[in-house]
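The primary structure of each chain is shown beneath.
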Amino acid sequence: YLRTKDKVRTRDGKQDTCSFGTYAGYRGVAYGCIKELYMSKRGILTVMSGFSGAGKGTIVKALLEKHEYFLSISCTTREPRPGEENGREYFFVSREEFENMIHNNEMIEWAEYAGNYYGTPKKAVEQWLSEGKDVILEIEVQGGMQVKALFPYAVLLFVIPPSADELLNRLRARGTENETQIGLRFEQTVRETRYIKDYDYVVLNDDLDQAVDKVHAIIDSQRAKPINMIDEIRSLSRDLSKLIQESNL
Ligand code: 5GP
């Protein structure tokens, strides 16, 4: 995969420079280089979004315990909740630090949510993907849409609760937000609903185990997509050509 400013060859053989991050070829900047773009298999990038309190955090936690996924740790300007640790749940940074990261192009995506900045640092995610590791981003919808534009092969999942009442119960039971903050997050759900149609899958979080298995099954099924079978396809096609040559077929 190419990065901004990488030198590439275009379809008609001319030299060009990528003007748009990874997946540049797919987006047409260096269309002719598509074969070279898929040099090696990359990990699967999954976006998990959902209403606050829908349980996506719980699903992700259970998923990581059962399977080998790599969870990106976001940066945020919100205050740590009791029990949260810098570098574990989030990297807690000041607004100034966050804005510097945006300015220095260190974020894959970022958004403002309930009065705070949240963003995905680029470095770890790109490193993991290039090593073929499967990465999960637990982010809200504006960020999800940015990832979708940038990584066309990312799989986007939206987690919903069984009902609005249940969502409110879960938020209250969590005890991490006061009633005003809960109100703010509830308002947010109305806005977020509009984005669900742009996601690839909706996961109903009624029974946790079932939801976890479903999420894993969805991600696992992405492995059968041609883009994720590129090494096998290439090797088979090479062997077929070789066999044809050697056996005078
Ligand atoms: P919370 O404050 O409850 O931890 O997170 C609030 C919302 O921000 C959640 O929907 C969470 O998924 C989302 N979020 C967490 N990290 C990121 C991020 O890096 N980027 C974006 N766009 N949203 C994030």
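Parameters at a glance
Residues numbered from 1 in each chain as written. Predicted model: local features only at pLDDT ≥ 70, side-chain atom pairs only at ≥ 80, totals over all residues. Heavy atoms only, no water. Helix = DSSP H or I, 4+ residues; strand = E, 2+ residues; numbered from the N terminus. Buried < 20%, exposed > 50% of the residue type's maximum accessible area, 1.4 Å probe, protein only. Contact = heavy atoms within 4.5 Å. Areas by Shrake-Rupley, 256 points an atom, 1.4 Å probe, with all protein chains shown as cover. Pairing = 2+ DSSP bridges. Axes fitted to C-alpha atoms, helices over the stretch in contact; angles between N-to-C directions. Phe/Tyr/Trp six-rings, centres within 6.5 Å; stacked < 30°, edge-to-face > 60°. Lys NZ or Arg CZ within 6 Å of the ring centre and 35° of its normal. Core = buried A, V, L, I, M, F, W, Y, C linked by side-chain atoms within 4.5 Å. Patch = residues over 30% accessible without salt bridge, like charges linked within 9 Å, V, L, I, M, F, W, Y side chains within 5 Å. Salt bridge = Lys/Arg side-chain N within 4 Å of Asp/Glu carboxyl O. Near = heavy atom within 4 Å. Polar contact = N/O pair within 3.5 Å; in protein donor to acceptor, adjacent residues only side chain to side chain. 1 Å grid on protein atoms, 1.4 Å probe; cavity = no way out; pocket = protein on both sides within 12 Å on 5 of 7 lines; lining within 4 Å. Sits in = over half its atoms within 2 Å of the grid points. Nonpolar A, V, L, I, M, F, W, Y, C, P; charged D, E, K, R; others polar.

Caption draft 1: Representation of the overall build of the protein in the model. A tally of helices and strands in the protein yields nine helices and 11 strands. Going through the 249 residues of the protein one by one, you find that 42% of them count as buried. Taking the intrachain contacts of the protein between residues at least 6 apart in sequence as the baseline, contacts between residues at least 24 apart amount to 61%. Of the roughly 14,000 Å² of accessible surface on the protein, a fraction of 51% belongs to carbon and sulfur atoms.

Caption draft 2: Quick look at the sheet that holds strand 11 (residues 201-204). Reading across from one edge, 4-9-3-10-11 is the order of the five strands in this open sheet, with parallel pairing throughout. Taken across any chain shown, the strands that pair with only one partner, and hence form the sheet edges, are strand 4 (70-71) and strand 11. Sitting on the sheet, helix 4 (residues 122-130) touches strand 3 (45-50), strand 4 and strand 9 (135-138), and the angle it makes with strand 9 is about 150°.

Caption draft 3: Layout of the packing of aromatic side chains. Per the counting criterion, the structure on display carries eight aromatic pairs. Geometrically, the ring pair formed by Tyr113 and Tyr118 is edge-to-face, given 6.0 Å between the ring centres and 85° between the ring planes. What links up through ring pairs into an aromatic cluster is the set Tyr90, Phe92, Tyr113 and Tyr118. The side chain of Arg95 reaches across the aromatic face of Tyr117, ending 4.4 Å from its centre.

Caption draft 4: Layout of the nonpolar core. Leu45, Met48, Leu137, Val147, Phe151 and Val215 are the most contacted members of the largest nonpolar core, which totals 39 residues. For this core, the secondary-structure elements that each account for two or more residues are strand 3, helix 2 (56-66), helix 4, strand 9, helix 5 (141-150), strand 10 (155-160) and helix 8 (208-222). With residues near it in sequence (within four places) discarded, Leu137 still touches Leu45, Thr46, Val47, Met48, Ser72, Thr120, Val125 and Val147. By size, the runner-up hydrophobic cluster in this structure holds six residues, among which are Cys75, Val93, Phe98 and Met101.

Caption draft 5: Geometry of a nonpolar patch on the surface. Taken together, the side chains of Leu243, Ile244 and Leu249 make up a nonpolar region of the molecular surface, amounting to roughly 340 Å² of accessible area. The class of Ile244 is partly exposed, set by a relative accessible area of 45%.

Caption draft 6: Looking closely at unusual backbone geometry. Phi angles above zero are rare outside glycine, and Asn105 is one such case at about 60°. Tracing the backbone through its elements, the reader meets Asn105 in the loop between helix 3 (95-103) and strand 7 (107-113). Of note, the phi angle at Ala114 is positive, near 45°, even though the residue is not glycine.

Caption draft 7: Expanded view of the site of the ligand. For the ligand, the set of nearby residues contains 16 residues, the closest of which are Ser74, Arg78, Tyr90, Tyr118 and Glu140. For the ligand, an oxygen atom lies 2.5 Å from a polar atom in the side chain of Tyr90. Interatomic distance of 2.6 Å between a side-chain N/O atom of Glu140 and a nitrogen atom of the ligand. For the ligand, whose unbound accessible area comes to 510 Å², protein coverage reaches 95%. Here the ligand is seated within the largest pocket. Looking at the shell around the ligand, the elements that each hand over two or more residues are strand 7 and strand 8 (116-121). Split into classes, the residues belonging to the shell around the ligand amount to five nonpolar, four polar and seven charged.

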